[in-house]
Every structure is written in structure tokens, then in C-alpha cells.
Amino acid sequence: MGFFITFEGPEGSGKTTQIRLLAEQLTKAGHQVLLTREPGGTTIGNAIREILLNQAHTDMSPRAEALLFNAARAQLVAEVVRPALAQGQIVLSDRYTDSTLAYQGYGREQDLTDLRALSEFATAHLAPDLTLFLDIDPVEGLRRKRACDDEWNRMEAQTVAFHQRVRQGYLQLASQEPARWRIVNATHDVATIQREIQQQVANLLLLHVG
Ligand code: TYD
């Protein structure tokens, strides 16, 4: 089995840049790396992404939203993630089940026990080996995102209070499972953040070699 590493964080936390840099470093070091993102990462998942993030879909019910994120996830896990792990690859995913707990659970205030059960079903109980949380105040994150993104999606368009709940939710999730989570300060510069991420990933890989 390979390694499954997930990246979580509020909007504008710089996950995408950091994942790309980490993938380059791991590839150079001789690892087989697979990059993916949620929602999306498959043809079916991308079609679902389109529905989920469409600004016109203001009347989507919170339960439909949770099911759609998990439908995309189920497809991604079955089609991409599990086969790659079975080949011994390192899978880096931009978001995973914790996004549902943070956004639909803490953000939309839906029942966390139900959401956990839904994610367990969608993934057939596939849990990450390591989850890196890129922590940033949502106001700063949204400001950064606005500066470099012309497209504003349906989730980003939620209120600041929603995004504050999401961040607090992440911090709570991290405190409940400290062995899996690492909190990285995402206000530092790109190189500093990347160094810390590489260190955490090296620790994980060493732990399993040793
Ligand atoms: P995306 O453009 O991929 O943003 P980011 O770069 O921040 O990941 O949009 C994904 C949005 O969907 C983002 O606002 C987080 C949200 N989301 C959920 O609400 N629940 C989920 O389970 C997932 C995977 C994402």
C-alpha cells in the first residue's frame, strides 16, 4: 500500500501551490505521486463539481449538497485513489472527507454523526495517513483568493461567519485526532510552508520504512 495524504484549509490557504511543490519534490526523490482534488478528479466527479459550485444553484438543499460532495468522492476513491494506493503510489488530495465535516458540518451546521457515516460509506472507510491543515484566518484567505481569482464559486460566496465556523471546525477536528493531523501556519511565505510540509511528510515516510 502507498500513502494517502490529504490537504485541508479554508479558502485562499494556498493548498494548491503547496501540493504542486510537494509533488515535484517527492517525484524528484523517486516516488510515484498522484495528485487529485475534490470535488472532481474524475469525469463523473467533474460533472458533479459543476453542479456543486455553480453560482446559479442558490436553492440547493444542504442534504443534497452533502450527498453530491460524497458522490464525487465515492467515484474518486473507487476509480483513482484506491488503485493508486494499491500500486504503492503516494496520493496527494486537495481536500477529502474533513472538508465535508468542516463545511457541511460546522459551516452548514448539519449533523456530524450523519456526515461521518455518509463519508464512511462513500469511501468504504478509506482514511488518510496524514492530513495537513493549512491554517489561515478566513478573512485573509478570502482576500487572497479574491486577488487572484476571477471566478467566485457558490461555496466561496458564503458569509464570513460561515467561513469562520469552517475554520473553527477544522481546528476542532484536528484536536480530536492529533496523530493524523498537522496544523501548518499558512500565513508564512511559500518556501517556509513548503519546508514544514516536506518535513511532516518525510516523518511519515520514515515512520513506515523504519
Ligand atoms: P475549489 O474551487 O476546489 O476551492 P479550493 O481551492 O478552496 O479547494 O472549491 C471547492 C469548494 O467546495 C470549497 O469552497 C470547499 C467546498 N467543499 C465542501 O464544502 N465540502 C466538501 O466535501 C469539499 C470536498 C469541498
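Structure: see above.
How each quantity is defined
Residues numbered from 1 in each chain as written. Predicted model: local features only at pLDDT ≥ 70, side-chain atom pairs only at ≥ 80, totals over all residues. Heavy atoms only, no water. Helix = DSSP H or I, 4+ residues; strand = E, 2+ residues; numbered from the N terminus. Expected span 1.5 Å × (residues − 1). Buried < 20%, exposed > 50% of the residue type's maximum accessible area, 1.4 Å probe, protein only. Arc of directions from axis to C-beta. Contact = heavy atoms within 4.5 Å. Phe/Tyr/Trp six-rings, centres within 6.5 Å; stacked < 30°, edge-to-face > 60°. Axes fitted to C-alpha atoms, helices over the stretch in contact; angles between N-to-C directions. Parallel < 35°, antiparallel > 145°, perpendicular 65-115°, else oblique. Left-handed = near helix turned anticlockwise from the far one by under 90°. Nonpolar A, V, L, I, M, F, W, Y, C, P; charged D, E, K, R; others polar. Near = heavy atom within 4 Å. Polar contact = N/O pair within 3.5 Å; in protein donor to acceptor, adjacent residues only side chain to side chain. Areas by Shrake-Rupley, 256 points an atom, 1.4 Å probe, with all protein chains shown as cover.

## Some thoughts on helix H8 (residues 190–209)
Over its 20 residues, H8 extends 28 Å from the first C-alpha to the last, a length consistent with the 28 Å expected when each residue adds 1.5 Å. Those residues of H8 lying buried are Ile193, Gln194, Ile197, Gln200, Val201, Leu204 and Leu205. Looking straight down H8, one finds its buried side chains confined to an arc of 135°; they lie on one side. Counted as exposed and oriented over 90 degrees from the buried face of H8: Arg195, Leu206, Leu207 and Val209. Where H8 is buried, its residues meet strand S1 (3–8), helix H1 (15–28), strand S3 (90–94), strand S4 (130–135) and strand S5 (181–185).

## A closer look at helix H5 (residues 112–123)
With twelve residues, H5 extends 16 Å from end C-alpha to end C-alpha; this agrees with the ideal 16 Å at 1.5 Å per step. The complete set of buried residues in H5 reads Leu115, Ser119, Ala122 and Thr123. Projected down its long axis, H5 shows its buried positions confined to an angular sector of 80°, all on one face. Turned more than 90 degrees off the buried face of H5, the exposed positions are Thr113 and Phe121.

## Some remarks on the packing of aromatic side chains
Under the definition given, this model contains six aromatic pairs. When the centroid spacing of 6.1 Å and the interplanar angle of 55° are considered together, the rings of Tyr103 and Phe162 count as tilted. Of this pair, Tyr103 sits in helix H4 (residues 97–107) while Phe162 sits in helix H7 (residues 160–176), and the two are 59 residues apart along the sequence. With 4.8 Å between their ring centres and 35° between their planes, Phe133 and Tyr170 make a pair best called tilted. Of this pair, Phe133 sits in strand S4 while Tyr170 sits in helix H7, and the two are 37 residues apart along the sequence.

## Overview of the packing of helix H3 (residues 62–86) against H5
Relative orientation of the contacting elements H3 and H5 amounts to 30°, with a least axis distance of 8 Å. As judged from the angle between their axes, H3 and H5 are roughly parallel. The element H3 and its partner H5 pack so that their crossing is right-handed. Only Leu115, Leu118, Ser119, Ala122 and Thr123 of H5 make contact with H3, whose side of the interface consists of Ala66, Leu67, Asn70, Arg73, Ala74, Val77 and Arg82. Grouping the amino acids of the contact of H3 with H5 by side-chain chemistry returns seven nonpolar, three polar and two charged.

## Quick look at the site of the ligand
Not every one of the 16 residues close to the ligand is listed here, only the nearest: Glu11, Lys15, Arg95, Thr100 and Gln104. Between the ligand and the protein, one listed contact pairs an oxygen atom with a side-chain N or O atom of Lys15 at 3.0 Å. For the ligand, an oxygen atom lies 3.1 Å from a polar atom in the side chain of Arg49. Protein chains bury 92% of the 540 Å² of accessible surface belonging to the ligand in isolation. For the shell around the ligand, the elements supplying multiple residues, two or more each, are helix H2 (43–53), H3 and H4. Among the elements that line the shell around the ligand, the one with the most residues is H4, at four residues.

## Topic: the packing of H2 against H3
In the contact formed by H2 and H3, the axes pass within 8 Å of each other and the chain directions differ by 160°. When the interaxial angle is binned, H2 and H3 end up roughly antiparallel. H2 and H3 meet at a crossing whose hand is left-handed. Contact residues: Ile44, Gly45, Ile48, Ile51 and Leu52 in H2; Glu65, Leu68, Phe69, Ala71, Ala72 and Gln75 in H3. Its residues assigned to classes, the contact of H2 with H3 comprises eight nonpolar, two polar and one charged.

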